[in-house]
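Examining the three-dimensional arrangement
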Amino acid sequence: MSSSRESVIRSGLIAAALVALSGAALAQSTSLPGVGRPATPKEIAAWDIDVRPDFKGLPKGSGSVAMGQDVWEAKCAHCHGVFGESNEVFSPLVGGTTAEDVKTGRVARLTDTSYPGRTTLMKVATVSTLWDYINRAMPWNAPKSLKTDEVYAVTAYLLNMGGVLPDNYVMSDKNIAEVQARMPNRNGMTLDHGMWPGKSLKTAGKPDVKAVACMTNCEAEPKVASFLPDFARNAHGNLAEQNRLVGAQRGADTTRPPGAVAVVATAATATAAAAAAAPDKAGGFASINALLSKHSCSACHGVDQKLVGPSFREIAQKHGSRADAVDYLAGKIRSGGSGVWGPVPMPAQTLPEADARTLAQWLKDGAKK
């Protein structure tokens, strides 16, 4: 329900912002000569990419389940798992829905307190929410890089893994309403909030923009806390390293004393700082860092910290002593695969052989900054 409501609200806010932007630019250009100009239709169109639940804004195109599987394995599986079930990096996308849910449009397990989790397909009510988010935000290391037909295809494959669409289905702008009619939780969305910006969907009442409904008879906010004795603080390893890196939950850094503020740097900031501190010698870390950024390696690997995959230092320690380390590592970089560091696969990479061997030599030498 919340994701559908957010999609509805977001669509309205984006539309309002675009109108305001165009109007402000026009006013500025007339009241302050030489400062600013009206936004062109092409510039507005580049921002106006949201797709609403009534499919307004949906571009023409199509994609098959089979095509979606190819896109998924190359660009999605390393974060979401081969079958969309992974809970290692992001919350699971697939699972918890049944054929009966497709018939009723209401996921029964959402009311089952014994079921262990809530996947995306259990919660989302509109197929437009999936299409829109995949189109604007995926893959997470290269958002908006998917072609329109690829978005149709990968959306179809995701729904196929959830048992919503058959293996031979081709999803398009022409039949997306049929897909909506099969969404497992399509009847789980409410329009009682009155926030739908238009008359294309029937909504109840006026929006409660003054928050009257939720600002009366308020209960005191509960405080949830836990206590960990000092002697047991690091008994089972650093808790901060035992949470996935995406999401609200963060374990305490149990290698530090209670109350200490841990400074967590991303791989990008760490490598940027190292590059700034070190001179760019031939073959030095700055040139290596440029290759890591160019081929998006830093999106999944940190130099000395685990992200989606192992850190470069861990790879160097495990494989650097091999007699054929450069050949082996260059081959693994280009071919990808899974099983060496866990079940989440690394997709095959299309970087040139020379770049792969340069990175492999750096790993063999210890992944030094």
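Details of the structure are given in the entry above.
What this report covers is the structure whose coordinates are included nearby. Owing to the predicted nature of the structure, the values given are computational and were not obtained by experimental measurement.

The rules behind the values
Residue numbers run consecutively from 1 along every chain, following the written order of its sequence. Given that the model is predicted, a residue must reach a pLDDT of at least 70 before its local features are reported, and side-chain atom pairs must reach 80 or more before they are shown or counted; all residues, however, enter totals for whole chains, interfaces and linings. Where side-chain values are given, they derive from all heavy atoms of the structure, hydrogens and water being excluded. A helix here means a DSSP run of H or I that spans at least four residues, while a strand means a run of E at least two residues long, and both kinds are numbered starting from the N terminus. When a residue's accessible area, from a 1.4 Å probe over protein chains only, is under 20% of the maximum for its type it is buried; when over 50% it is exposed; and in between it is partly exposed. Here, residues are in contact when the closest pair of their heavy atoms is within 4.5 Å. Accessibility throughout is a Shrake-Rupley quantity obtained with a 1.4 Å probe, and a residue counts as covered only by protein chains that appear here. Only C-alpha atoms enter the line fits that serve as axes; for helices the fit covers just the stretch in contact. Angles between N-to-C directions range over 0 to 180 degrees. Orientation labels follow simple angle bins: below 35 degrees gives roughly parallel, above 145 gives roughly antiparallel, 65 to 115 gives roughly perpendicular, and whatever is left gives oblique. Helix crossings are classified by the rotation of the near helix relative to the far one: an anticlockwise turn of less than a right angle makes the crossing left-handed, while a clockwise turn makes it right-handed. Residues are grouped as follows: nonpolar covers Ala, Val, Leu, Ile, Met, Phe, Trp, Tyr, Cys and Pro; charged covers Asp, Glu, Lys and Arg; every other residue, Gly included, is treated as polar. Among buried residues, the Ala, Val, Leu, Ile, Met, Phe, Trp, Tyr and Cys ones that are joined through side-chain atoms within 4.5 Å form a nonpolar core. Each C-beta atom gives one direction from the helix axis, and the arc is the one those directions make. What makes a salt bridge here is a side-chain nitrogen of Lys or Arg within 4 Å of a carboxyl oxygen of Asp or Glu, nothing more.

On to the overall build of the protein chain, then. Within the protein chain, the secondary structure is distributed over 14 helices and two strands. In the protein chain, which comprises 369 residues, the proportion classed as buried is 37%. Looking at the protein chain alone, contacts between residues at least 24 apart form 59% of all its contacts between residues at least 6 apart. For the protein chain, the computed accessible surface area is about 21300 Å², with 58% contributed by carbon and sulfur atoms.

Right, let's get into the packing of helix H7 (residues 127–137) against helix H8 (residues 148–161). Direction vectors running N to C along H7 and H8 enclose 130°, while the axes themselves pass 10 Å from each other. Classed by the angle they form, the pair H7 and H8 counts as oblique. H7 and H8 meet at a crossing whose hand is right-handed. Residue-level contacts link Val127, Leu130, Trp131, Ile134 and Asn135 of H7 to Thr148, Val151, Tyr152, Val154, Thr155, Leu158 and Leu159 of H8. Split by residue class, the contact of H7 with H8 holds nine nonpolar, three polar and no charged.

For the bond running from Met138 to Pro139, omega is -10°, close enough to zero to count as cis. Structurally, Pro139 is set in the loop between H7 and H8. For Phe55, which is not a glycine, the phi torsion comes out positive at approximately 75°. By the secondary structure assignment, Phe55 is in the loop between helix H2 (41–47) and strand S1 (62–64).

Turning next to the side chain of His319. Mapped onto the elements of the fold, His319 is located in helix H12 (residues 312–319). The class for His319 is buried, based on a relative accessible area of 8%. With residues near it in sequence (within four places) discarded, His319 still touches Ala325, Tyr328, Leu329, Val340 and Trp341.

A few words now on the nonpolar core. Looking at soluble globular proteins, one finds that nonpolar side chains tend to be buried together. Within the largest apolar cluster, 35 residues are counted, with the highest numbers of intra-cluster contacts made by Trp72, Val127, Leu159 and Met171. Sorting the residues of this core by element identifies helix H3 (65–75), H7, H8 and helix H9 (176–180) as the ones contributing at least two each. It is H8 that provides the largest number of residues to this core, a total of eight residues. Not counting residues up to four positions away in its chain, the partners in contact with Met171 are Gly61, Ser62, Gly63, Val127, Trp131, Tyr152, Thr155, Ala156, Ile176 and Val179. Counting residues in each nonpolar core, the second largest holds 20 residues, with Ile333, Leu351, Trp362 and Leu363 among its members.

Turning our eyes to something else, we now look at H3. The set of residues buried in H3 consists of Val65, Gly68, Val71 and Trp72. Taken around the axis of H3, the buried residues stretch over an arc of 115°, which confines them to a single face. Where H3 is buried, its residues meet S1, helix H4 (77–80) and H8.

What follows is about the pattern of salt bridges. In total, this model carries eight salt bridges according to the counting rule given. For Arg136, the salt bridge goes to Asp132, with nearest N and O atoms at 2.9 Å. In this pair, Arg136 and Asp132 are both assigned in helix H7, four residues apart and thus about one turn of the helix distant. A salt bridge links Arg357 to Glu353; the shortest N-O distance between them is 4.0 Å. Taken as a pair, Arg357 and Glu353 lie in helix H14 (residues 353–364) at a separation of four residues, close to a single helical turn.

Nothing here speaks to function; it is geometry throughout.
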